[in-house]
Amino acid sequence: MRKIYVVGHRNPDLDSIASAIAYARLKNLLGIKNVTPARAGELDLQSEWLLGRLGFKPPRLLTDVSLRAENIMTRKVIYVNPDTPLRNALQLFEKHRIRLLPVIEEEKPKGILTLYRIAREYLARTEPSRIIRIHTSPEIIRKTLKGKAYNIKNIEKTFKILLADPGEFARIDNNTIVLLPDEVLLKPVLDKQPALIITPREIGRIIDNNIIVSRYDLITTTWLLRFALPVKNLLVEDYDYCYTHDRIRDIKKDVLESEHKGLLVLDSSGLLKGIITKTDIFKDVKTRLILVDHNEPSQAVYGIEDAEILEVVDHHRLGNMHTQQPIRFIVEPVGSTSTLVAREYRNHGLKPSRDIAILLLGGILSDTVILTSPTTTMLDIEMAKWLSRIARMDIKEYGKELFAASFIAGKKTPKQLLTMDIKHFKQAGKKLAIAQLFVADYRQIMPLIDELRREAEKYVKREDIYVFILMITNVLKKDSLLLYLGPRSIAKKLGYREVNGLLLAPGVVSRKKQILPAVLAAI
């Protein structure tokens, strides 16, 4: 059974990580065992600290769920080598009901063999030639006829095939294969020194130089000789291929329109790893996801358009997420997704374990800034109190300890600090990015402001951001300093006073409910 991943946004904060772990645990308790937590990015300081304290391993890192060639390719490939007799290849076509055969040498494709190419070679000739010519070797002929060879010289070249007939003896030379139907003609044929003599089994065992005794009668032997050539003579060298890491959406058209009915799949070294045909394109192998703490594609794990979304549990605005079928969609205006997950436990009559209660409580306190953010609701407070009793922890003391873990800026580079809690939005075709850091004292972050600004300028240029804001939120003072990059006209509309190149935002602690609406209105 395929796994279902519970995953938050690309820059996971504690609420995102706590929700993923706790919701996956709830699904397991409800009997759905194939659900596991994941994360779409690196842990922030709070999550790193709390998971370490509780002894939790970080959820599995899931950075890209794009469907790739390696996800749908047929790995057990039927193939031949360049010297495989054509007859053997035809038997593989019939046995496995396939349309193309890769021709492999030292694990690398030399080309492909297709039924169309073979049919064009053999069926397109409406006027049979009086003399059959094939480019092959005596050993290939022996394999095709399943015969016994006596002192043959295994040289590959173009042979003409003649039936032993006194009227044709003048044509026999050292490039001729003679079909000997009658032992009576053996000596005059040998006198002409043909390249090879083929005799059917009913003649019996004849031991001499350059003779193959066929397993079949003369008519069957004559027919099979047309297929007694190596497949390399019918290679299609201009074949279609892709690489294991190629996205399905990028190669789908190539597969469906392939003249050869499929693509070979190679690794970066050019070794054959699989094959993709039209039927493979429609395999149901999408990654199955439950999204927590977000519902906008721009914030989701990369490749989300290739995934199957089963549920959403979130507390943000709607972000135009599309699904193939109806799903369970829980989106409510509360301060934390952990609040909604905690309520799900209670609604099912379940009490989370102490470690899960501590984790969920941490998610609530982190997202609501210890229940002081404007986003805080009565449900957040109710669930925080319920969880604190299970966790046997004081809410305020735990909150202070939790935010203390966010103040250790020295553990992260300015580049990491800038992007570890960043969210992207779009408005009027413009790209916005709002990041947030929490501190207990602005003096902890001020020495890094110049470096943070330089990193922000690089990020804005690289990602083509119209408005960028880094919120530096003081959890004790309940206000923020804003590092703003963008049009001055929008900064003026925000109405915040500038202090030493930063905007002072008194009473502002919420990105979702205070900064984002103001920026969207200004644009």
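Above this text you will find the structure in question.
Keep in mind it's a predicted model, so treat the numbers as computed, not measured.

Caption draft 1: Layout of the overall build of the protein chain. When its secondary structure is counted, the protein chain shows 18 helices and 23 strands. In terms of overall size, the protein chain is more extended than a compact globule, its C-alpha atoms giving a radius of gyration of 36 Å where 523 residues would be expected to give roughly 24 Å. Seen through its principal axes, the protein chain has C-alpha atoms that stretch 115 × 55 × 40 Å. Buried positions account for 54% of the 523 residues belonging to the protein chain. Contacts spanning at least 24 positions in sequence make up 62% of the contacts within the protein chain whose residues lie at least 6 apart. Just so you have it, the protein chain exposes about 25,400 Å², and 49% of that area is on carbon and sulfur atoms. In the protein chain, which carries 82 positive and 62 negative side-chain charges, the distance between the mean positions of the two groups comes to 3 Å.

Caption draft 2: Spatial organisation of the sheet that holds strand β13 (residues 262-266). Strand order in the open sheet made by the 3 strands is β12-β13-β14, with mixed pairing throughout. A single partner strand is all that each edge strand has here, and the edge strands are β12 (241-243) and β14 (272-277). Within this sheet the neighbouring strands show an average axis-to-axis angle of 30°, counted without direction. Here 3 bridges tie β12 to β13, and the two strands are oriented parallel to one another. Counterpart to C242 in the pairing with β13 is V265. Lying on the sheet, helix α9 (residues 248-256) is in contact with β12, β13 and β14; it crosses β14 at an angle near 65°.

Caption draft 3: Highlighting the pattern of salt bridges. The final tally for this structure, using the stated rule, is 26 salt bridges. The partner of R2 in a salt bridge is D284, with the nearest N and O atoms 3.3 Å apart. On the criterion of sequence distance, the pair formed by R2 in the segment before β1 (4-7) and D284 in the loop between α10 (278-281) and β15 (288-292) is long-range, its members being 282 residues apart. Given the relative accessible area of 30%, R2 is considered partly exposed. For D284, a relative accessible area of 54% translates into the label exposed. One continuous salt-bridge network, built from bridges that share partners, spans K27, E311, R328 and E344.

Caption draft 4: Geometry of the packing of aromatic side chains. Counted under the stated rule, the structure contains 5 aromatic pairs. Centroid distance W223 to F227: 5.2 Å. Interplanar angle 65°. Geometry classified as edge-to-face. Looking at W223, the relative accessible area reads 53%, which means it is exposed. Taken together, Y239, Y241 and Y243 form an aromatic cluster joined through their ring pairs. Above the ring of Y302, the side-chain terminus of R10 is found at 3.8 Å from the ring centroid. The aromatic ring of Y466 is capped on one face by K430, whose charged end is 4.7 Å from the ring centroid.

Caption draft 5: Structural context of the side chain of T337. With respect to the helices and strands, T337 occurs in helix α11 (residues 337-347). Of the polar contacts made by the side chain of T337, one reaches the side chain of D293; its length is 2.9 Å. Leave out the neighbours within four places in its chain, and T337 touches D15, S19, V292, D293, V313, D314 and H315.

Caption draft 6: Region of the structure containing the packing of helix α2 (residues 45-54) against helix α12 (residues 354-367). At their nearest, the axes of α2 and α12 sit 11 Å apart, and the two run at 165° to each other. The angle between α2 and α12 places the two elements in the roughly antiparallel class. Between α2 and α12 the crossing geometry is right-handed. Only D355, I358, L359, G362 and S366 of α12 make contact with α2, whose side of the interface consists of Q46, L50, L51 and L54. When the residues that make up the contact of α2 with α12 are grouped by side-chain class, the tally is 5 nonpolar, 3 polar and 1 charged.

Caption draft 7: Representation of the nonpolar core within the structure. V6, L50, Y345, L359, L360 and L387 are the most contacted members of the largest nonpolar core, which has 46 residues in total. Examining the composition of this core, we find that 9 residues originate from one element, helix α1 (residues 14-29), more than from any other. Grouped together as the second largest cluster of nonpolar side chains are 26 residues, I422, I445, I449 and L502 included.

Basis of the calculations
- Residues numbered from 1 in each chain as written.
- Predicted model: local features only at pLDDT ≥ 70, side-chain atom pairs only at ≥ 80, totals over all residues.
- Heavy atoms only, no water.
- Helix = DSSP H or I, 4+ residues; strand = E, 2+ residues; numbered from the N terminus.
- Rg over C-alpha atoms; globule rule 2.2 N^0.38 Å.
- Buried < 20%, exposed > 50% of the residue type's maximum accessible area, 1.4 Å probe, protein only.
- Contact = heavy atoms within 4.5 Å.
- Areas by Shrake-Rupley, 256 points an atom, 1.4 Å probe, with all protein chains shown as cover.
- Lys, Arg positive; Asp, Glu negative; His and termini not counted.
- Charge placed at Lys NZ, Arg CZ, Asp CG, Glu CD.
- Pairing = 2+ DSSP bridges.
- Axes fitted to C-alpha atoms, helices over the stretch in contact; angles between N-to-C directions.
- Salt bridge = Lys/Arg side-chain N within 4 Å of Asp/Glu carboxyl O.
- Phe/Tyr/Trp six-rings, centres within 6.5 Å; stacked < 30°, edge-to-face > 60°.
- Lys NZ or Arg CZ within 6 Å of the ring centre and 35° of its normal.
- Polar contact = N/O pair within 3.5 Å; in protein donor to acceptor, adjacent residues only side chain to side chain.
- Parallel < 35°, antiparallel > 145°, perpendicular 65-115°, else oblique.
- Left-handed = near helix turned anticlockwise from the far one by under 90°.
- Nonpolar A, V, L, I, M, F, W, Y, C, P; charged D, E, K, R; others polar.
- Core = buried A, V, L, I, M, F, W, Y, C linked by side-chain atoms within 4.5 Å.

Shape descriptors only; they carry no functional weight alone.
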